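Structural description and commentary
Below, each chain spelled out in residue letters.
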Amino acid sequence: QVQVVESGGGLVQPGGSLRLSCVVSGITLSWFDMGWYRQVPGQQRELVAMFQADSQIKYGNFVKGRFTISRDSAKNMVSLQMSSLESEDTAVYYCNARHTFTGTMDSDSYWGQGTTVTVSA
């Protein structure tokens, strides 16, 4: 049984920092592309950061050096350190674990329930 649990969201002032954590049970984390996504009501869910199974890291265009994603495979955890937060960063942040099977287009994908980040004075 796979479970994805995010934590660390909350209220932070503009310019502040926040660390989000995602703990996944039931998988071997290093086999999965681990991603943080965010969504504002009425908008498409967008990629924030991804720590891929091959250890490559990608960030959304809006990150601009403010966020850092990290993986701790021993703890089955991926974290997102966010700094210089702006009101535009307000969203529900979701953790995703995705594994694409070798030689196919089939994949397993698991989502957490999300954690809310509110950036406001």
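A short tour of the structure in this document, coming up. This is a predicted model, so every value here is computed, not measured.

Once that is clear, we can look at the sheet that holds strand 8 (residues 77-82). Strands sit in the order 1-3-8-7 across an open sheet of 4 strands; the sheet is antiparallel. Edge positions in the sheet fall to strand 1 (3-7) and strand 7 (67-72), since each of these pairs with one other strand and no more. Across the sheet, the mean angle separating the axes of adjacent strands is 15 degrees when strand polarity is ignored. The sheet contact formed by strand 7 and strand 8 spans 6 bridges and is antiparallel.

Next up on the list: the state of the cysteines. Going through the model one piece at a time under the given rule, you end up with 1 disulfide. The disulfide partner of Cys22 is Cys95, and the gap between their sulfur atoms is 2.0 Å. The chirality of the disulfide connecting Cys22 with Cys95 is left-handed, given an S-S dihedral of about -80 degrees. Taken as a pair, Cys22 in strand 3 (residues 18-25) and Cys95 in strand 9 (residues 91-100) lie far apart in primary sequence, 73 residues in all.

Cut-off values and rules
Residues numbered from 1 in each chain as written. Predicted model: local features only at pLDDT ≥ 70, side-chain atom pairs only at ≥ 80, totals over all residues. Heavy atoms only, no water. Pairing = 2+ DSSP bridges. Helix = DSSP H or I, 4+ residues; strand = E, 2+ residues; numbered from the N terminus. Axes fitted to C-alpha atoms, helices over the stretch in contact; angles between N-to-C directions. Disulfide = S-S within 2.5 Å.

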